[in-house]
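# Inside the fold
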Amino acid sequence: MQRAIMTSIPFLRQPSSPATADDIPTANDLADTLNPHRDGCVGMAANMIGVSKRIIAFVDADLGGRITVMLNPSIVARDGEYQTSEGCLSLQGERRTTRYERVELVWQDLRLRERHGSFSGFTAQIIQHEVDHCEGIII
């Protein structure tokens with residue numbers, strides 16, 4: 001189910017709680033909400049739809065543009081620091097931020113299986129932005 005986009009800065013600044021099996025419907029709603037916004041948005045975190053849980057969804061260019069959903073993502077390594085400017089569907093304008101060319105993550109898939117993977121380039125940048133949302137970090 002597609003949900004409204006959260007724009008409350010105080011809400012978005014709150015760190016999200018770990019996701020559980022009970023949050024799978026929220027993960028599906030997140031993907032359903034991201035899909036129609038693809039023209040101007042490549043990733044979302046659950047707090048962007050008003051749910052303060054550690055869930056992200058992003059358009060994965062490495063998988064042909066398929067939406068990938070991660071529960072409880074955690075960046076465990078990063079390499080290749082650079083400066084960039086990013087926008088956000090929940091906020092107006094763009095802001096400067098530091099990102100990394102490559103990131104290594106652990107997360108759970110929709111079956112709650114632990115996963116581990118490395119991402120690079122624009123996909124890594126998207127993931128970093130969404131994990132920041134989970135931490136309550138607004139760039």
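Shown above is the structure to which this text applies.
The paragraphs below set out a description of the structure included in this document. Bear in mind the structure is a predicted one, so any value in this text is a computation, not a measurement. (Residues numbered from 1 in each chain as written. Predicted model: local features only at pLDDT ≥ 70, side-chain atom pairs only at ≥ 80, totals over all residues. Heavy atoms only, no water.)

By the secondary structure assignment, Glu 86 is in strand β3 (residues 66-87). In this structure the side chain of Glu 86 is engaged in a polar contact, spanning 2.8 Å, whose partner is the side chain of Arg 99. Other than its neighbours up to four places away in sequence, Glu 86 contacts Gly 93, Glu 94, Arg 95, Thr 97, Arg 99, Gln 125, His 129 and Ile 139. (Helix = DSSP H or I, 4+ residues; strand = E, 2+ residues; numbered from the N terminus. Polar contact = N/O pair within 3.5 Å; in protein donor to acceptor, adjacent residues only side chain to side chain. Contact = heavy atoms within 4.5 Å.)

The pairing of strand β4 (residues 94-108) with strand β5 (residues 114-120) spans seven bridges and is classified as antiparallel. Its bridge partner lying in β5, Val 106 is registered against His 116. From the end of β4 to the start of β5, which pair antiparallel, there are five residues, and Leu 112 there has a positive phi angle of about 65 degrees. (Pairing = 2+ DSSP bridges.)

Each α-helix turn comprises 3.6 residues. Residues three or four places apart therefore point the same way. In terms of burial, helix α2 (residues 24-34) is largely enclosed, as eight of its eleven residues are buried. Taken residue by residue, α2 has Ile 24, Thr 26, Ala 27, Asp 29, Leu 30, Ala 31, Thr 33 and Leu 34 as its buried positions. Next to the buried residues of α2 lie β1 (43-45), β2 (55-60) and β3. (Buried < 20%, exposed > 50% of the residue type's maximum accessible area, 1.4 Å probe, protein only.)

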